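Chains, contacts and geometry: an overview
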Amino acid sequence: MPLSTQLTSFRVHELVISSTDAERIALSKHRLIRLLAPHTQENPIFFHMTNSASTAFRGVIDQMAEVGFEMLIYSFGSGFDMESDNETYIQQIASDIAYANSKGIEVGGYDLIAWTRKVQIEWMAIDPSTGQPRDSACFASGWYDVLLNKTLTFMNRTNLMMVETDGPYPGYPCASKNHSHHRDVADSVYQQTLLQGQYFKALRERSIYINQPDDYFYQGGSKTAMGYSEEQYSLPRWMDISVSR
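For the structure given in this document, a descriptive report is provided here. (Residues numbered from 1 in each chain as written. Predicted model: local features only at pLDDT ≥ 70, side-chain atom pairs only at ≥ 80, totals over all residues. Heavy atoms only, no water.)

Observations concerning helix α1 (residues 22-36)
Compared with the 21 Å implied by 1.5 Å per residue over 15 residues, the 21 Å span of α1 between its first and last C-alpha is a close match. A distance of 3.2 Å separates the backbone nitrogen of E23 from a side-chain oxygen at the start of α1, and that oxygen is part of D21. (Helix = DSSP H or I, 4+ residues; strand = E, 2+ residues; numbered from the N terminus. Expected span 1.5 Å × (residues − 1). Polar contact = N/O pair within 3.5 Å; in protein donor to acceptor, adjacent residues only side chain to side chain.)

Spelled out as structure tokens, the structure:
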């Protein structure tokens, strides 16, 4: 994707409220979201699976079908690898998902995509204050193209219909002058934010259910945890992670 020569401004939705009543304000906000991001009304009953072995997976699927669950997530710690190109592994996942689908259950998986993600050194974000790589990928580098291609290819091969994207781009700048999708630190936040939105849009176009720990609802995000924010902390970093997650 070549660097854009045009600037598309961020959009702001302003809701004019005719009351100071807290309940009416909340109802107005809910109606706005339902109107502009109707996919957020999807609310499948899902289960987090931490064992990706076929025998364990199918045993859980049988139990889920009995009690009315609608979706399973290969969760953090399950060993699930949505970026794998190993043919044996892909065939195993495709077979297990087909089994789940035969029981009326969709399947999704976890992936850490940007924040605190270690990738090839040339795709890491560069800290403007030190000139050294951050402990995170730059989402406006070649990593974006690789991640999107791997994600869509894996979905095509396995019929995965949901993603739980941990570590979406949270707003850090990148001082690299060699990345594919931004020129330098000045446009790095803008381009990374834009591409994070485009990543979710590409998934939403395929009707993929997106569980994401950030407010990308207008770009296709389906769900986030109550009160969860990657950037606005009320506790020290380590404490916030231990409490909010």
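Thoughts on the pairing of strand β3 (residues 106-112)
β3 sits mainly inside the fold: five of its seven residues count as buried. Two strands pair when backbone bridges link them, and strand β2 (residues 71-74) and β3 are joined in this way by four bridges, in the parallel orientation. Paired with L72 across the bridge in β3 is V107. Between the parallel elements β2 and β3, the chain passes through helix α3 (residues 87-102) in a crossover that is right-handed. (Buried < 20%, exposed > 50% of the residue type's maximum accessible area, 1.4 Å probe, protein only. Pairing = 2+ DSSP bridges. Right-handed = clockwise from strand over helix to strand, strands pointing away.)

Here's the deal with the pattern of salt bridges
Summed over all chains, the structure comprises seven salt bridges. The closest approach of N and O atoms between D135 and K118, which form a salt bridge, is 3.5 Å. Taken together, the residues span a long stretch of sequence, with D135 in strand β5 (residues 133-137) and K118 in the loop between β3 and β4 (124-126) at a distance of 17 residues. Residue K118 is classed as exposed on the basis of its relative accessible area, which comes to 57%. (Salt bridge = Lys/Arg side-chain N within 4 Å of Asp/Glu carboxyl O.)

Examining the packing of helix α2 (residues 54-67) against α3
Two elements in contact, α2 and α3, have axes whose closest approach is 10 Å; the angle formed by their N-to-C orientations is 15 degrees. The angle between the axes of α2 and α3 places the two elements in the roughly parallel class. As for how α2 packs across α3, the hand of that crossing is right-handed. Across the interface between the two elements, S54, F57, R58, I61 and D62 from α2 touch Q92, S95, D96, I97, Y99 and A100 from α3. Split by residue class, the contact of α2 with α3 holds five nonpolar, three polar and three charged. (Axes fitted to C-alpha atoms, helices over the stretch in contact; angles between N-to-C directions. Parallel < 35°, antiparallel > 145°, perpendicular 65-115°, else oblique. Left-handed = near helix turned anticlockwise from the far one by under 90°. Contact = heavy atoms within 4.5 Å. Nonpolar A, V, L, I, M, F, W, Y, C, P; charged D, E, K, R; others polar.)

Focus: the layout of surface pockets
Roughly 670 Å³ of volume is contained in the largest pocket. Forming the boundary of the largest pocket are 19 residues, of which F10, R11, T193, Y218 and Q219 lie nearest the centre. Grouping the amino acids of the lining of the largest pocket by side-chain chemistry returns eight nonpolar, seven polar and four charged. (1 Å grid on protein atoms, 1.4 Å probe; cavity = no way out; pocket = protein on both sides within 12 Å on 5 of 7 lines; lining within 4 Å. Points joined across faces, edges and corners; volume = space filled by probe spheres on them.)

Notes on the packing of aromatic side chains
What describes a pair of aromatic rings is the distance from one ring centre to the other and the angle between the planes of the rings. All chains considered together, the criterion is met by 12 aromatic pairs. A centroid spacing of 5.6 Å and a plane angle of 85 degrees characterise the contact between F80 and F154, whose relative ring orientation is edge-to-face. With F80 in the loop between β2 and α3 and F154 in helix α4 (residues 142-158), the pair connects residues that are 74 residues apart, well separated along the chain. In this structure, F80 and F154 share a single accessibility class: buried. Among the aromatic residues, ring-to-ring pairing joins F57, Y74, F80, Y89 and F154 into one connected group. (Phe/Tyr/Trp six-rings, centres within 6.5 Å; stacked < 30°, edge-to-face > 60°.)

Here we look at the nonpolar core
Within the largest apolar cluster, 48 residues are counted, with the highest numbers of intra-cluster contacts made by F139, Y199 and L203. At the level of elements, α2, β2, α3, β4, α4 and α5 (185-204) are the ones that each hand at least two residues to this core. In terms of residue count, the dominant contributor to this core is α4 (seven residues). Leaving out residues up to four positions away in the same chain, L203 has contacts with T151, L152, M155, V163, I208 and I210. F46, M71, M162 and Y209 belong to the second-largest nonpolar core, a separate cluster that totals five residues. (Core = buried A, V, L, I, M, F, W, Y, C linked by side-chain atoms within 4.5 Å.)

Let's talk about unusual backbone geometry
In this structure, T116 takes a positive phi of about 65 degrees despite not being glycine. The backbone of N159 shows a phi angle near 70 degrees, a positive value even though the residue is not glycine. Along the polypeptide, N159 turns up in the loop between α4 and β6 (162-166).

Here we look at α5
Because an α-helix packs 3.6 residues into every turn, residues spaced three or four apart end up facing the same way. Taking 1.5 Å of rise per residue, 20 residues should cover 28 Å, and α5 covers 29 Å from first to last C-alpha, within 8% of that figure. Where α5 begins, one side-chain oxygen reaches toward the backbone nitrogen of A186, 2.9 Å away; that side chain belongs to D184.

Some remarks on a nonpolar patch on the surface
Taken together, the side chains of L35, L36 and Y218 make up a nonpolar region of the molecular surface, amounting to roughly 300 Å² of accessible area. Along the polypeptide, L36 turns up in helix α1. (Patch = residues over 30% accessible without salt bridge, like charges linked within 9 Å, V, L, I, M, F, W, Y side chains within 5 Å. Areas by Shrake-Rupley, 256 points an atom, 1.4 Å probe, with all protein chains shown as cover.)

Digging into the sheet that holds strand β1 (residues 46-49)
Read across the open sheet, the five strands follow the order β1-β2-β3-β6-β7; overall the sheet is parallel. Edge positions in the sheet fall to β1 and β7 (209-211), since each of these pairs with one other strand and no more. Each strand of the sheet is rotated relative to its neighbour by a mean of 25 degrees, with strand direction disregarded. By the bridge criterion, five bridges tie β3 to β6 in an arrangement that is parallel.

Remember that the coordinates give geometry; whether it matters functionally is a separate question.
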